Amino acid sequence: MRELNITAREEGQRLDKILSKYLNKAPKSFLYKMLRKKNIKLNGKKATGNEKLSKGDQVCIYLAEDTISKFREEVRAGKQKLKLDILYEDDNVIMVNKPWGILSQKSKSEDISINDQIIPYAVNQGLISEKELQVVKPSICNRLDRNTTGIIICGISMEGLQTMAEMLKNRDMEKYYLCIVKGKLNKPQKVSAYLRKDEKTNKVTVSKQEIFGGNHIETAYEPVISNDEFTLLKVKLITGKTHQIRAHLASIGHPLIGDFKYGDRKINQQMKQRFGLKDQLLHCQEIVFPKHIKTCSNLSGKRIQAPLPKRFETIKQELFGRDL
């Protein structure tokens, strides 16, 4: 028999979710069968699995040790392979400044990503114990493309994961990006369109008219500085879809420099020869949390900022002047 005593880190999860994490090799049908047969109880009583757990709850698993061993693989923190640039940290949430060329989430087992480096970092910092890892998995809450830099939000506790996911879903925080685009833009503007993703090519199409299978998108931008050839833009994501900034700005004639997927080939070749730039220059610079929303962390009204990568800073100074 095993006992799981729910702490503040795990509360808020459904019982069936926490059982799936603890007995992580067991099919869901087995878990629900054990609940029906009262081989798994919540606070000494029969449970269905959809109960939301609170601090102090006790989950008892009345199974033989060999059965538990069969359906359970111990979760280990692993080694820290990537030094994380931490912008903010508390018991529930950390904010990481993602560097260029690193995945947000691994696509192959040998990949190194921000997501798989959060757990060893959190354990090493004492933010979570290996025992707590058996029922809570710290992970990223938003993603950036491999070659986009800047802020990634990561949840450590269950409350942190759920709160950040809800805020991102409801667009309760403001996200700002910096990029350099082709052409001169003189005034702030908000643009709307429809975006459709082709899963086979991992490329999106943007149209002013509604398109079948498309999602409505909104992007706001404000010129920071410009010359006759380029503009440094501060972009606010109102909606957040795949490649939205890159494809939306390209669709209105102002593609990002270095973006070989959606950009201007001639300018990109010039940027490649001049700076060695082979990908989009896009940086998630700032996230602003509203004052009126109560979060699990002390984030109400906070402004989290990520400094520009050296490469971005160098190109910005070369294109617009070193007095910036």
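Structure first, text after, so check above.
Note that the structure is predicted; figures quoted are calculated from it, not measured.

Parameters at a glance
- Numbers given to residues run from 1 along each chain, matching the order in which its sequence is written.
- Side-chain atom pairs in this predicted model are given and counted only at pLDDT of 80 or more, local residue features only at pLDDT of at least 70, and totals for whole chains, interfaces and linings cover all residues.
- Only heavy atoms go into the side-chain values, all of them from the structure, while hydrogens and water stay out.
- Note on terminology: disulfide denotes any pair of cysteine sulfur atoms within 2.5 Å.
- One side-chain nitrogen of Lys or Arg within 4 Å of one carboxyl oxygen of Asp or Glu is enough to make a salt bridge.
- Numbered from the N terminus, helices here are DSSP runs of H or I no shorter than four residues, and strands are runs of E no shorter than two.
- With a 1.4 Å probe rolled over the protein chains alone, any residue whose accessible area is under 20% of its type maximum counts as buried; one over 50% counts as exposed, and the rest are partly exposed.
- Points on a 1 Å grid, built from protein atoms alone, make a cavity when a 1.4 Å probe fits but cannot get out and make a pocket when they are open with protein on both sides within 12 Å along at least 5 of 7 lines; residues with an atom within 4 Å of a point are the lining residues.
- Grid points are joined across faces, edges and corners, and a volume is the space filled by probe spheres set on the points.
- Polar here means any residue other than Ala, Val, Leu, Ile, Met, Phe, Trp, Tyr, Cys and Pro, which are nonpolar, and Asp, Glu, Lys and Arg, which are charged; Gly is therefore polar.

J.: What is the right way to look at the state of the cysteines in this model?
T.: Each disulfide consists of a covalent bond between the sulfur atoms of two cysteine residues. For the coordinates displayed, the defined rule picks out zero disulfides. We note that Cys 284 lacks a disulfide partner, and the nearest cysteine sulfur, in Cys 179, lies 12 Å from it.

J.: It is not clear to me how the pattern of salt bridges should be interpreted in this structure. Could you clarify?
T.: A side chain of one charge can pair with a side chain of the opposite charge when the charged atoms of the two come close. Scanning the model with the defined rule gives 15 salt bridges in all. Its salt-bridge partner being Glu 65, residue Arg 2 comes within 2.8 Å of it at the nearest N-O pair. On the criterion of sequence distance, the pair formed by Arg 2 in strand β1 (residues 2-5) and Glu 65 in helix α3 (residues 65-70) is long-range, its members being 63 residues apart. Arg 14 is paired through a salt bridge with Asp 16; the nearest N and O atoms lie 2.6 Å apart. Arg 14 gets classed as partly exposed once you look at its relative accessible area, which sits at 35%.

J.: What's the story with the layout of surface pockets in this structure? I'm lost.
T.: If you roll a probe as big as a water molecule over the atoms, it shows you where there is empty space left. In this structure, the largest pocket occupies an estimated 1,200 Å³ of space. Mapped by element, the contributors of at least two residues to the lining of the largest pocket are α5 (158-169), β9 (174-182), β13 (230-237), α6 (244-251) and β14 (282-288). The volume enclosed by the second largest pocket comes to roughly 380 Å³. Along the wall of the second largest pocket there are 17 residues; nearest its centre are Val 75, Arg 76, Asp 116, Ile 119 and Lys 137. With three residues, the single largest contributor to the lining of the second largest pocket is helix α4 (residues 114-124). A breakdown of the residues in the lining of the second largest pocket according to their chemical character gives five nonpolar, five polar and seven charged.

J.: It is not clear to me how the environment of Ala 165 should be interpreted in this structure. Could you clarify?
T.: Following the sequence through the fold, Ala 165 ends up in helix α5. Look at Ala 165 and you get partly exposed, because its relative accessible area is 40%. Sequence separation between Ala 165 and Gly 155 is ten residues, and the spatial gap between their C-alpha atoms is 8.8 Å.

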